[in-house]
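Here are the chains, one letter per residue:
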Amino acid sequence: MINLSLRELQQCLHKKQISVAELASVYLDRCHQYNPILNALVHIDADIKPDYLLAAQVSQGPLAGIPIIHKDLFSTQGVTTTAGSKMLANYVPPFNATVVSQLNQAGMVQLAKANMDEFAMGSSNEYSAFGAVKNPWDLQRVPGGSSGGSAAAVAARLAPVATASDTGGSIRQPAALCGVTGIKPSYGRVSRYGMVAFASSLDQGGVMAVSADDCALVLTAMMGHDAKDSTSIAADKWTWQAPEDASMKGLKVGVIPDWLEQLEDQDIKQSTLAALDTLVAQGAELVDVDLPHADLAVAAYYILAPAEASANLARFDGIRFGQQSDGKSDDVNDMYRKNRSAGFGAEVQRRIMLGTWALSSGYYDDYYCRAQRIRRLISEDFKQAFSQVDVMAVPVSPEVAFKHGTKSDGVSMYQADQFTIPASLAGLPCLSMPIQPARNLPVGLQLIGPYFNEQVILTTAAKYQLVTDYHQHMPEAFL
Ligand code: GLN
């Protein structure tokens, strides 16, 4: 059962080979069995809620009865939503995020909430207040972050699909490190309403699953304009048609020679080149492109994202939102300080300080405004590149999953995002799909599309997955 695609699962349900409740139990049992090893989940439903069974019956769509796990920054009505933070350890939202209610309406069955780096800040999932997540391919290694819980959960098939979010790489990097397919749609494509905010001009909800086809089926149910999110864009929804053959004739694929050269890990380089060869074998044409300002992306992002985070997180003071610390306070400022010191982890505090400083008068022009200008230049670079190509194919992560505790300073962790941040700054749709592993560890290839064109990256990935089976590899211990 756990090896089936969403379409195959749907067939089984349709033909009554398995009931919605039985299918959910198969995965719930796996959640209970494997989560003590992986720590990928922060909450598992005790049993299947009758509401979901009913919705699955009512909905005739392709997702009716399909189990799902939500990253713990999507608000789920009546179910604790922590965003990986002690600050929100007891927060039970009275409402659902738009993404959650849309997927509920499509008949999906919610099983659990996925662990994550605190407030989605991190690339290893070691910054969760609820403990680090382990990579199912090697328990000594990280699953990537911040959506490491979602990625580990799908890799170990605790559910066939999970929601996730990506601000600077948090869907693509953990998808790559755990060997699953993950898509971050264009900024504005999916409602952010009810997602705990990190950096609002970059945050975007998306999905991880085994294949591009599975991702597309779920994404089409998640996306669309939402009046409750002022940055959600009213554009035509597209419908998904899985490609029937793998021909990429006429497809111009942009590659960045500079980025390939930056890959120090020769095995990752080999895998990436082999994946590009596969695209060529299907008829695609590789075209060299350049993003001249992309090497400034990490520096700009780590000004802009903390700046927005410092504003978004100001509300967590223990009075308006968040937990109060125990101790007695001398005055109101002392109380804020105590609540925020106790509720936020070290990385979150570091970002708040960095962001507040970058926005303070005297530094605002030098740092924040300059970073915004770099962001604009990077967007222009992409526009120029997409005047020559249909899609870009580049690395996701410079490394395979690294061992827990090996990146203890902030900056080396930040550098892990060098290939994912540029597309985030430009708001472009991008995905990571599994390619040839390196030393038995998963490697991803990143496909980036023009703004609001998710179809081209999903179709290219789905075609690649018609002629390869890397996306179906599973970690042996979880078969
Ligand atoms: N690793 C990046 C950061 O720490 C990206 C996180 C994300 O995309 N949410 O900010």
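Higher on the page you've got the structure.
First, a word on scope: everything that follows refers to the structure included in this document. (Residues numbered from 1 in each chain as written. Predicted model: local features only at pLDDT ≥ 70, side-chain atom pairs only at ≥ 80, totals over all residues. Heavy atoms only, no water.)

What follows covers the pattern of salt bridges. Tallied over the full model, the rule gives 16 salt bridges. Put simply, D138 and R141 hold a salt bridge, and the shortest N to O gap is 2.8 Å. Take D138: its relative accessible area is 21%, and that puts it in the partly exposed class. Of the residues examined, R141 reaches a relative accessible area of 18% and is grouped as buried. Among the salt bridges present, the one from E347 reaches R350, with a minimum N-O distance of 2.5 Å. (Salt bridge = Lys/Arg side-chain N within 4 Å of Asp/Glu carboxyl O. Buried < 20%, exposed > 50% of the residue type's maximum accessible area, 1.4 Å probe, protein only.)

The subject of this paragraph is the packing of aromatic side chains. One pass over the full model with this rule turns up 15 aromatic pairs. For the pair F119 and F316, a centre-to-centre distance of 5.2 Å together with 50° between the ring planes defines the contact as tilted. In this pair, F119 sits in the loop between β3 (109-114) and α5 (148-155) while F316 sits in the loop between α10 (297-312) and α11 (332-343), placing the two residues 197 residues apart along the sequence. F119 gets classed as buried once you look at its relative accessible area, which sits at 1%. Assessed through its relative accessible area of 6%, F316 is described here as buried. Between W357 and Y363, the aromatic rings sit 4.7 Å apart at their centres with planes inclined by 35°, giving tilted as the arrangement. Note on W357: relative accessible area 36%, which makes it partly exposed. (Phe/Tyr/Trp six-rings, centres within 6.5 Å; stacked < 30°, edge-to-face > 60°. Helix = DSSP H or I, 4+ residues; strand = E, 2+ residues; numbered from the N terminus.)

For the rest of this paragraph, the subject is empty space enclosed by the protein. Summed over all chains, the structure comprises 3 cavities of 30 Å³ or more. Considering only enclosed or pocket space, the largest cavity measures out at about 70 Å³ in volume. Around the largest cavity, the lining comprises 14 residues; the ones closest to its centre are G122, S170, Y301, Y302 and D417. Its residues assigned to classes, the lining of the largest cavity comprises 5 nonpolar, 7 polar and 2 charged. Its volume calculated, the second largest cavity comes out at about 40 Å³. Lining of the second largest cavity is provided by A176, L177, I268, V396, S397, E399, V400, P442, V443 and G444. (1 Å grid on protein atoms, 1.4 Å probe; cavity = no way out; pocket = protein on both sides within 12 Å on 5 of 7 lines; lining within 4 Å. Points joined across faces, edges and corners; volume = space filled by probe spheres on them. Nonpolar A, V, L, I, M, F, W, Y, C, P; charged D, E, K, R; others polar.)

On to the pairing of strand β10 (residues 430-438), then. With 7 of its 9 residues buried, β10 lies for the most part within the structure. Sheet analysis places strand β5 (residues 181-184) next to β10, joined by 3 bridges and oriented antiparallel. Looking at β10, one finds that I183 is bridged to L431. Relative to strand β11 (residues 441-448), β10 runs antiparallel, the two sharing 7 bridges. Across the sheet, I435 pairs through a bridge with V443, a residue of β11. (Pairing = 2+ DSSP bridges.)

The next point concerns the environment of S424. Counting through the fold element by element, S424 comes out in helix α15 (residues 421-425). The spatial distance from the C-alpha of S424 to the C-alpha of L202 is 6.4 Å, given a sequence separation of 222 residues. Excluding residues within four positions of it along the chain, S424 makes contact with D166, T167, G168, G169, R172, K184, L202 and R375. Within the structure, the side chain of S424 is placed 2.7 Å from the side chain of R172, a separation counted as a polar contact. (Contact = heavy atoms within 4.5 Å. Polar contact = N/O pair within 3.5 Å; in protein donor to acceptor, adjacent residues only side chain to side chain.)

By secondary structure assignment, the location of Q204 is in strand β6 (residues 204-209). In this structure the side chain of Q204 is engaged in a polar contact, spanning 3.5 Å, whose partner is the backbone nitrogen of R189.

By the criterion of burial, helix α7 (residues 212-222) is predominantly enclosed, with 10 of the 11 residues buried. All of the buried residues in α7 are A212, D213, D214, C215, A216, L217, V218, L219, T220 and M222. The secondary structure elements touched by the buried residues of α7 are α1 (6-14), α4 (98-105), β4 (161-166), β5, β6 and α16 (454-467).

A separate point is the site of the ligand. As a matter of local geometry, the ligand sits amid 15 residues, with T167, G168, S170, Y301 and R351 nearest to it. A distance of 3.2 Å is found between an oxygen atom of the ligand and a backbone nitrogen or oxygen belonging to G169. Within the side chain of Y302, one N or O atom sits 3.3 Å away from an oxygen atom of the ligand. Taken by itself the ligand offers 290 Å² of open surface, and the protein chains cover 100% of this. At a threshold of 2 Å from the grid points, most atoms of the ligand map onto the largest cavity. Split into classes, the residues belonging to the shell around the ligand amount to 5 nonpolar, 7 polar and 3 charged. (Near = heavy atom within 4 Å. Areas by Shrake-Rupley, 256 points an atom, 1.4 Å probe, with all protein chains shown as cover. Sits in = over half its atoms within 2 Å of the grid points.)

Here we take up the packing of helix α12 (residues 346-359) against helix α13 (residues 364-386). It is at 7 Å that the axes of α12 and α13 come closest, and there the two elements cross at 105°. Between α12 and α13, the angle falls in the class roughly perpendicular. On the side of α12, the interface is formed by W357, A358 and L359, while α13 contributes Y364, Y367 and Y368. Taken together, the residues of the contact of α12 with α13 break down into 6 nonpolar, no polar and no charged. (Axes fitted to C-alpha atoms, helices over the stretch in contact; angles between N-to-C directions. Parallel < 35°, antiparallel > 145°, perpendicular 65-115°, else oblique.)

Take unusual backbone geometry next. Look at the link from G145 to S146: it is a cis peptide, with omega at 5°. Inspection of the secondary structure assignment puts S146 in the loop between β3 and α5. Its identity as a non-glycine residue notwithstanding, A120 has a phi of 70°, on the positive side. Positionally, A120 belongs in the loop between β3 and α5. Residue classification places A120 among the buried residues on the basis of a relative accessible area of 4%. Phi is positive for R157, close to 55°, though the residue is something other than glycine.

As a further point, take a nonpolar patch on the surface. There is a patch of nonpolar side chains on the surface, built from L354, W357, Y363 and Y367 and spanning about 340 Å² of accessible area. Relative to the elements of secondary structure, Y367 occurs in helix α13. For Y367, a relative accessible area of 33% translates into the label partly exposed. (Patch = residues over 30% accessible without salt bridge, like charges linked within 9 Å, V, L, I, M, F, W, Y side chains within 5 Å.)

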